[in-house]
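Geometric and topological summary
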Amino acid sequence: FFVGIESRVSSPLVPLGLFRLRNLSVSNVIGVLWSAAMFAWFFVSALYMQLVLGFDAMQVGLAFLPANVIMAAFSLGLSAKIVMRWGIRTPLELGLVLAAVGLALFARAPVSGTMMVDVMPGMVLLGLGAGMALNPLLLAAMGDVKPADSGLASGVVNTAFMMGGALGLAILASLADARSDTLRVAGASTAVALTGGYQLAFLVGTAFALVAAALGAFLLRASPASVAGA
């Protein structure tokens, strides 16, 4: 309905011609896939730590601390330095691949997992990946947009992130629940059934991140600003 209305009114809220800009369109698709994987990481990993590993709220919070510290370091200037040195595509691709590896590590986390072996490595890689990829993705989306449309483009990208997170979390949580139910019916214990469901969610999230990385590698082009900076 929104697209239909916007294509007919004389003064659309979001001019659909904006999506003819390749970097903006590709960045939105990458944002949907990446945020789907990242939202699932936050939610499903917390459930895994609490319901399978038996962590309390404090332990879960501490487990997320390294990723948050790493992302904060990138947001305080490290990401800008990387973009100035390497442009937008290389750090975006590398960040998404690191995030995919982190999700893959969670996808093999066992019922008897431990903080240092089965949780922390994935957290660190996901923190590195998210911190490294976010700024280049936003720069890619804004690079081809006229200054007058920068606010609109920023809003579109943020909407893509929120939509991808909501849809991705709903899809992956549903897949995890269905897988857990199947394992329970087959006679698995609660912990084994939950772990199997979470592993499937992480595996699909890994696929989302890898597809996003491939889109960045093959479809994004360096914006004039990033080329000048590099």
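The structure contained in this document is the topic of the report that follows.

So, how was this worked out
- Residues numbered from 1 in each chain as written.
- Predicted model: local features only at pLDDT ≥ 70, side-chain atom pairs only at ≥ 80, totals over all residues.
- Heavy atoms only, no water.
- Helix = DSSP H or I, 4+ residues; strand = E, 2+ residues; numbered from the N terminus.
- Rg over C-alpha atoms; globule rule 2.2 N^0.38 Å.
- Buried < 20%, exposed > 50% of the residue type's maximum accessible area, 1.4 Å probe, protein only.
- Contact = heavy atoms within 4.5 Å.
- Areas by Shrake-Rupley, 256 points an atom, 1.4 Å probe, with all protein chains shown as cover.
- Lys, Arg positive; Asp, Glu negative; His and termini not counted.
- Charge placed at Lys NZ, Arg CZ, Asp CG, Glu CD.
- Axes fitted to C-alpha atoms, helices over the stretch in contact; angles between N-to-C directions.
- Parallel < 35°, antiparallel > 145°, perpendicular 65-115°, else oblique.
- Left-handed = near helix turned anticlockwise from the far one by under 90°.
- Nonpolar A, V, L, I, M, F, W, Y, C, P; charged D, E, K, R; others polar.
- Salt bridge = Lys/Arg side-chain N within 4 Å of Asp/Glu carboxyl O.
- Expected span 1.5 Å × (residues − 1).
- Bend = angle between axes of the 7 residues up to and from the residue.
- Patch = residues over 30% accessible without salt bridge, like charges linked within 9 Å, V, L, I, M, F, W, Y side chains within 5 Å.
- Polar contact = N/O pair within 3.5 Å; in protein donor to acceptor, adjacent residues only side chain to side chain.

1. Observations concerning the overall build of the protein chain
Each helix and strand counted, the protein chain has 8 helices and 0 strands in total. Its C-alpha radius of gyration of 19 Å places the protein chain within 12% of the 17 Å reference for a compact globule of 230 residues. Principal-axis analysis of the C-alpha atoms places the extent of the protein chain at approximately 60 × 40 × 30 Å. Residues classed as buried in the protein chain amount to 42% of the 230 residues present. Across the protein chain, the fraction of contacts at a sequence separation of at least 24, relative to all contacts at a separation of at least 6, is 79%. Accessible surface, the protein chain as shown: approximately 11200 Å² in total, 71% of it carbon and sulfur. Here the protein chain contributes 11 positive and 8 negative side-chain charges, whose respective centroids are spaced 11 Å apart.

2. Structural notes on the packing of helix α2 (residues 22-52) against helix α6 (residues 150-185)
Packing of α2 against α6 brings their axes to within 7 Å, and their N-to-C directions diverge by 40 degrees. Classified by the angle their axes make, α2 and α6 are oblique. Handedness of the α2/α6 crossing: right-handed. Across the interface between the two elements, L24, N28, G31, V32, W34, S35, A36, F39, A40 and F43 of α2 pack against A153, V156, V157, A160, F161, M162, M163, G164, G165, G168, L169 and L172 of α6. Grouping the amino acids of the contact of α2 with α6 by side-chain chemistry returns 16 nonpolar, 6 polar and no charged.

3. A look at the pattern of salt bridges
Applying the stated criterion across every chain, the model contains 3 salt bridges. The closest approach of N and O atoms between D118 and R108, which form a salt bridge, is 2.7 Å. Here D118 is found in helix α5 (residues 115-143), whereas its partner R108 is found in the loop between α4 (89-107) and α5, with 10 residues between them in sequence. Given the relative accessible area of 8%, D118 is considered buried. Note that R221 is salt-bridged to D144, the shortest N-O span being 3.9 Å. Of the two residues, R221 sits in the loop between α7 (190-219) and α8 (224-229) while D144 sits in the loop between α5 and α6, which places them 77 residues apart along the sequence.

4. Here we look at α2
Look at α2: 43 Å from first C-alpha to last across 31 residues, which is about the 45 Å you get at 1.5 Å a residue. For α2, the principal kink sits at W41 and spans about 25 degrees. The element α2 is largely enclosed, with a buried count of 22 among its 31 residues. Where α2 terminates, the next one or two residues include G54, which has phi positive at roughly 80 degrees.

5. Some details on a nonpolar patch on the surface
Taken together, F2, V3, L13, L16 and F19 make up a surface patch of nonpolar side chains, about 480 Å² in accessible area. Along the chain, F19 turns up in the loop between α1 (2-6) and α2.

6. Examining α6
With 36 residues, α6 should cover 52 Å at 1.5 Å per step; its first-to-last C-alpha distance of 52 Å lies within 8% of that length. Restricting attention to buried positions, one finds in α6 the residues A153, V156, V157, A160, F161, G164, G165, G168, L172, A176, S180 and L183. Where the residues of α6 are buried, they touch α2, α5 and α7. In the segment just after α6, G187 is the residue with positive phi, at about 105 degrees.

7. Points about the packing of α2 against α5
At a minimum axis distance of 11 Å, the contact between α2 and α5 shows a crossing angle of 160 degrees. Taken together, the axes of α2 and α5 lie roughly antiparallel to each other. In this structure, α2 crosses over α5, and the sense of that crossing is left-handed. For the pair α2 and α5, the contacting residues are N23, L24, S27, I30, G31, W34, M38, W41, S45, Y48 and M49 in the first and V119, M123, L126, G129, A130, A133, L134, L137, A140 and A141 in the second. Here the residues of the contact of α2 with α5 are counted per class, giving 16 nonpolar, 5 polar and no charged.

8. Some points on the environment of N135
Mapped onto the secondary structure, N135 falls in helix α5. Considered as a pair, N135 and P12 are 123 residues apart in the sequence and their alpha carbons are 28 Å apart. Residues within four places of N135 in sequence aside, it is in contact with S79, A80 and V83. Here S79 takes part through its side chain, which lies 3.5 Å from a polar atom of the side chain of N135.

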